[in-house]
Each structure stands twice: as structure tokens, then as C-alpha cells.
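Letter by letter, the chains look like this.
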Amino acid sequence: MNPRTGTVYALLVLLAINTMNFYDRLVLTPLSEPIRKHWELSDTALGWLGTAFTLIYAVVGLPLGRLADLTNRKRILVVGVFLWSLLTGISGICVQYWQLFLARLGVGVGEATCAPAASSLIGDYFSAAARARAMSVFMMGLPLGNALAVVVGGIIAERIDWRAALYVAFIPGVLCALAATWIVEPQRGASESHAVGLRRRPGSPFLLVLSIPTMWWIIASGALHNFNMYALGAFMHAFLVRVHGLNLEHAGYVMAAVYGLAGIPGLLIGGWLGDHIVRRRVSGRLFVAALALGAATPLVFLALEVPAGGVAAFVTLMGAGCGLMYVYYATVYSTIQDVIEPALRGTAMALYFCAMYVLGASLGPLATGMASDYFARAAAAAKGVSLEGLKGPALEAALAPFKGQGLHQAMYIIPVLCLVLAFVLFAGARTVTNDVARLRLWMEQSSRDEEAEVEAA
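So, how was this worked out
Residues numbered from 1 in each chain as written. Predicted model: local features only at pLDDT ≥ 70, side-chain atom pairs only at ≥ 80, totals over all residues. Heavy atoms only, no water. Helix = DSSP H or I, 4+ residues; strand = E, 2+ residues; numbered from the N terminus. Rg over C-alpha atoms; globule rule 2.2 N^0.38 Å. Buried < 20%, exposed > 50% of the residue type's maximum accessible area, 1.4 Å probe, protein only. Contact = heavy atoms within 4.5 Å. Axes fitted to C-alpha atoms, helices over the stretch in contact; angles between N-to-C directions. Parallel < 35°, antiparallel > 145°, perpendicular 65-115°, else oblique. Left-handed = near helix turned anticlockwise from the far one by under 90°. Nonpolar A, V, L, I, M, F, W, Y, C, P; charged D, E, K, R; others polar. Salt bridge = Lys/Arg side-chain N within 4 Å of Asp/Glu carboxyl O. pLDDT = per-residue confidence, 0-100. Core = buried A, V, L, I, M, F, W, Y, C linked by side-chain atoms within 4.5 Å. Phe/Tyr/Trp six-rings, centres within 6.5 Å; stacked < 30°, edge-to-face > 60°. Lys NZ or Arg CZ within 6 Å of the ring centre and 35° of its normal.

## Let's talk about the overall build of the chain
Okay, so step 1: What the chain contains, in helices and strands, is 23 helices and zero strands.
Okay, so step 2: Over its C-alpha atoms the chain spans a radius of gyration of 22 Å, differing by no more than 12% from the 23 Å that the globule rule assigns to 457 residues.
Okay, so step 3: A principal-axis box enclosing the C-alpha atoms of the chain has dimensions of 85 × 40 × 35 Å.
Okay, so step 4: A total of 457 residues make up the chain; the buried ones form 60% of that total.
Okay, so step 5: Sequence-distant contacts, at least 24 apart, represent 86% of the contacts inside the chain between residues at least 6 apart.

Put into C-alpha cells, the structure is as follows:
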């Protein structure tokens with residue numbers, strides 16, 4: 001296999017792995033209503049399923065990210081993909097809520113291998129001038145996986161049952177793990193346009209990453225962005241069922257278009273713009289991201305303003321808003337590669353993911369679920385419905401007529417945080433140029449020092 005073919009093959013395999021990564025992560029979304037009714041759960045309990053996944057994902061990701069900088073990244077991916085696929089299938093045989101809860105923890109452990117190892121590999125396969133486009137291809141796994149999860153999951157849940165929807169992910173996951181065994185492990189720093197020393201800077205790798213000002217802004221942006229994306233991922237399907245009256249299958253189609261497929265043009269355009277502008281302005285990628293998120297804010301707000309039953313208007317507005325939100329991945333992820341040395345990229349991604357999942361993804365579904373329950377109770381109280389002394393299934397039954405109104409009000413958190421995110425990205429763009437210059441200077445000096453040591457020996 002020649003180098004060019006090997007690089008294309010590796011990127012396509014990484015795309016397939018990332019597709020299954022997000023498929024298995026989001027597959028509970030179209031199943032949320034059947035699962036809630038099966039075990040008579042509150043929205044807060046549903047939110048905890050997402051929160052449990054993301055917390056374990058974030059914590060385990062730190063050592064796995066460091067491992068990706070120290071050992072063979074391909075092997076890490078193979079083991080991780082097989083593990084999370086197996087546990088997604090096992091989730092379908094759970095007979096109690098706590099068993100599903102534990103299974104999702106295991107899926108989080110497996111999926112924590114993906115982002116640090118894959119991002120580090122892409123950084124060594126592609127030069128800085130092409131990384132945003134390469135990252136946009138890899139991150140197409142997000143909208144594709146999301147779309148497949150809600151469509152396939154919705155169809156199977158509607159026509160068979162929710163458990164069957166969890167079984168179908170196992171075989172594609174195993175095939176992805178097998179395909180990854182043929183990926184060629186590249187040399188670290190192989191794609192840099194300037195000299196790169198192989199030695200690592202002394203000191204804690206985590207503190208070295210946090211010594212870079214741009215990383216602080218990127219970490220803050222990740223927390224805000226993941227809050228929004230995981231809140232949408234956890235509750236958009238339920239929103240379409242409760243507010244717009246769609247059945248499980250049709251809600252899956254709509255969510256696939258809005259939350260999934262709409263992201264593909266956002267990723268591709270964001271990747272192209274990011275690589276184009278970075279040739280003229282080193283900080284351009286974060287500026288593109290800031291403008292995209294700023295433009296997404298009014299679109300998401302207006303989508304939530306659409307009256308019940310206005311599905312076409314909701315699809316148009318929310319689809320455009322989500323498409324702009326996906327620009328984030330191609331531009332911000334490639335910026336991390338720009339400001340971090342090759343030997344620390346796995347660590348940097350793991351640290352970034354830890355913060356964005358602990359502070360963002362874990363809170364998004366939980367906070368939105370809690371807000372939804374709060375507003376549902378308030379709506380019930382406004383109608384004179386007494387909830388005093390009610391608990392568990394009885395409470396949920398009394399709140400059922402107000403669940404749609406409660407979730408609708410809770411979803412307005414998303415456009416507010418989207419606007420804050422745009423300002424954070426703009427602030428981060430102002431620090432990129434100096435951080436890139438310092439990194440290149442250090443790497444070139446490190447390379448000269450190593451050459452001098454070799455000549456002296």
C-alpha cells in the first residue's frame with residue numbers, strides 16, 4: 001500500500017469508527033420515550049444516562065489520551081471500538097434501569113479511546129494546511145452517526161422494540177475494529193512543514209498543555225458547545241414527539257435531517273474555509289467558528305418559537321442553525337493541532353475532552369432534564385393540578401400532560417449559551433498567532449539541538 005493510498009484508507013477507517021462512535025452514543029435518543037415509559041422514569045433520570053456516560057468518558061479519557069502519546073495508537077483504537085460495540089449490544093438485554101446505567105458507563109470507557117488516538121493520527125497524516133479538511137471528513141462521523149442512530153433506532157423501536165435497536169450496532173463495530181488493524185502507524189511529527197525534534201519538553205504534559213493561552217479559550221468553548229450539542233442530542237427527539245406530535249419513526253427522520261445530515265455541509269464548508277483562511281491569517285479558523293456560532297444563535301431561537309405542528313419551519317430553521325454549529329468541529333479541532341506539539345496531541349485532546357464532557361456534555365442533558373421537570377411542575381401548578389404527596393410513577397403520570405411545555409421552555413437554554421460561545425471563540429482567536437509562533441520556534445530549536453548532539457557524538 002503506497003503512502004497516499006494508506007493515508008486515504010486510514011482517514012476512511014477513522015471516519016467509519018467515528019460514525020459508530022456517535023451512533024452508539026446517540027442510539028438511546030430515539031429510544032428515550034419507550035425507555036422512560038418502560039421503567040416509568042423522569043426526564044432527570046433520562047438525563048443521568050447521558051451524564052453517566054460523559055463523566056466516565058471524560059475521566060478515563062485522560063490516561064487513555066496520555067497513552068496515545070506514548071504507545072501505538074492503532075492498537076488503542078482496535079480494543080476500544082470492540083469494547084464499546086460489545087457493550088452497546090449488551091445494553092439491549094438489561095432488565096433494570098441500573099443495569100443499563102452500568103452498561104452505558106462501559107460504553108463510555110470504550111469510546112474514550114477514539115478522539116485522542118484518532119486526532120493524533122490525523123495530525124501526523126496531514127499537514128497543517130490540510131488538517132481542517134481532514135478533520136472535517138473525520139468529524140462527518142458525528143452527523144452520519146447521529147442520523148443513522150435516530151433513523152435506524154426510531155424505525156426499529158417503532159416496528160419491533162427498543163431493545164432490538166441496541167443489538168444492531170455490534171456487528172458494524174466489530175468490522176470497524178477489524179479494518180483498523182490495517183492502519184499504518186505514522187511517525188509523530190511526520191507531516192509538519194518545519195523541523196521537529198523528537199524529544200518531549202520537560203515537565204507535566206498536562207501543565208504544558210494548560211500553559212498555552214489558546215487552550216484555555218478552546219476548553220471553555222468545548223464546555224459550552226458540548227452542553228448545547230448533548231442537550232439537543234438527548235432531548236430533540238422527545239421535543240418533536242411531545243411538542244410537534246410526531247411518532248417515534250417520523251421524529252427520527254426529522255432529527256436525522258436537522259441534527260445529523262445538516263451538519264455535513266457545515267463540516268465541509270468549515271473545513272474548507274478553515275484551511276483557506278489559515279494561509280493568510282493564523283488565527284482565522286477560530287474567527288470562522290465565532291462567526292458561525294454567532295449566526296446560529298438567532299436561527300435556533302426562532303426554531304424554538306415555531307408553533308406546534310410547524311415541522312417544516314422547524315426543520316428549516318433548526319437545520320440551518322445546527323449546520324452552522326457543526327463548523328465548530330472542523331475549525332476548533334484543527335486549531336488544537338496548530339498550537340500543540342506532535343508528542344502532546346493525544347494528551348491535549350484528552351484534557352480538552354475531559355473538560356468539555358465534565359463541564360458541558362454531562363451537564364447538558366442533566367440540566368435540561370431538570371429544567372424540563374421544573375417547568376412541567378410549574379405548568380401543572382398554574383393549571384391547579386396538585387402534586388403534593390405524589391412520587392415516582394404517580395407523579396410522572398400527573399405531569400404527563402405538561403411534559404411538552406416543560407421541555408419546550410427548557411430548550412431556550414441552548415441559544416443563550418450559543419451566543420456566549422461565539423464571544424469565547426472570538427476571544428480565543430486573539431491568542432492563536434502568538435501561541436503558534438512560540439510552538440514553531442521551540443520545535444525548530446529542539447530539532448537543531450538534537451542534530452548538534454548527533455554530530456557531537
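## Concerning the side chain of T335
Okay, so step 1: Summarising the element assignment, T335 is placed in helix α17 (residues 327-339).
Okay, so step 2: Residue T335 is classed as buried on the basis of its relative accessible area, which comes to 2%.

## Concerning the packing of helix α12 (residues 213-242) against helix α21 (residues 403-410)
Okay, so step 1: In the contact formed by α12 and α21, the axes pass within 9 Å of each other and the chain directions differ by 135°. Our classification of the angle between α12 and α21 gives oblique. Seen along the crossing, α12 lies across α21 with a hand that is left-handed. Contacts from F235, A238, F239 and R242 of α12 reach α21 at K403, G404, L407 and H408.
Okay, so step 2: Among the residues making up the contact of α12 with α21, the classes are represented as four nonpolar, two polar and two charged.

## Description of the pattern of salt bridges
Two side chains bearing opposite charge may form a pair once their charged atoms approach each other closely.
Okay, so step 1: Applying the stated rule across the entire model yields nine salt bridges.
Okay, so step 2: The residue R73 makes a salt bridge to D124 at a minimum N-O spacing of 2.8 Å. Of this pair, R73 sits in helix α4 (residues 73-91) while D124 sits in helix α6 (residues 114-125); the two residues are 51 residues apart in sequence, bridging distant segments of the chain.
Okay, so step 3: Here D124 falls in the buried class, since its relative accessible area comes to 4%.
Okay, so step 4: Of the charged contacts, one joins D275 and R133 as a salt bridge, the two residues approaching to 2.7 Å between their closest N and O atoms. Here the residue D275 occupies a position in helix α14 (residues 263-278), and R133 occupies one in helix α7 (residues 131-139), the gap between them amounting to 142 residues.
Okay, so step 5: The exposure class assigned to D275 is buried, which follows from its relative accessible area of 1%.
Okay, so step 6: You can call R133 partly exposed: its relative accessible area is 34%.
Okay, so step 7: Connected through salt bridges with shared partners, the residues R73, D124, E185 and R345 form a single ionic network.

## A short note on the packing of helix α3 (residues 43-70) against helix α18 (residues 345-361)
Okay, so step 1: Interhelical geometry of α3 versus α18 gives an angle of 175° and a closest axis separation of 7 Å. Taken together, the axis directions place α3 and α18 in an arrangement best described as roughly antiparallel. In this structure, α3 contributes T54, L55, Y57, A58, G61, L62, G65, R66 and D69 to the contact, and α18 contributes R345, G346, T347, A350, L351, F353, C354, Y357, V358 and A361.
Okay, so step 2: Considering only residue class, the contact of α3 with α18 consists of 11 nonpolar, five polar and three charged.

## Some words on the confidence of the model for the chain
Okay, so step 1: Per-residue confidence for the chain averages 85 on the pLDDT scale, and 93% of its residues sit at or above 70.
Okay, so step 2: Counting interchain partners and residues more than four positions distant, the pLDDT-below-50 stretch residues 193-198 has 17 contacts.

## Looking at the nonpolar core
Okay, so step 1: M215, M318, Y333 and Y352 are the most contacted members of the largest nonpolar core, which has 141 residues in total.
Okay, so step 2: A total of 14 residues in this core trace back to one element, the largest contributor, which is α12.
Okay, so step 3: Each residue touching Y333, except ones within four places of it in the same chain, is listed here: M135, M139, Y328, M349, Y352, F353 and M356.
Okay, so step 4: Formed by seven residues, the second largest nonpolar core is a distinct cluster that contains L387, L395, L399 and F402.

## Section: the packing of aromatic side chains
Okay, so step 1: Taken as a whole and assessed by the stated rule, the structure comprises 17 aromatic pairs.
Okay, so step 2: With centroids separated by 5.5 Å and ring planes inclined at 75°, the aromatic side chains of Y230 and Y357 adopt a geometry described as edge-to-face. Of the two residues, Y230 sits in helix α12 while Y357 sits in helix α18, which places them 127 residues apart along the sequence. As far as burial versus exposure is concerned, Y230 and Y357 are alike and both buried.
Okay, so step 3: Through a chain of ring-to-ring contacts, three or more aromatic side chains come together here, namely Y57, Y230, Y326, Y328, Y329, Y333, Y352, F353 and Y357.
Okay, so step 4: Sitting above the plane of the F22 ring, R25 keeps its charged end 4.4 Å from the centroid.

## Considerations on the side chain of H237
Okay, so step 1: Looking at the element boundaries, H237 is found in helix α12.
Okay, so step 2: A relative accessible area of 0% means that H237 is categorised as buried.
Okay, so step 3: When near neighbours in sequence (up to four residues on either side) are disregarded, H237 contacts T29, P30, L248, A251, G252 and M255.

## Overview of α21
Okay, so step 1: Within α21, six of the eight residues are buried, leaving the element largely enclosed by the surrounding structure.
Okay, so step 2: Those residues of α21 that sit buried are K403, G404, G406, L407, H408 and A410.
Okay, so step 3: In this structure, the buried side of α21 is in contact with α3, α12, α15 (284-305), α19 (363-382), α20 (392-399) and α22 (413-429).

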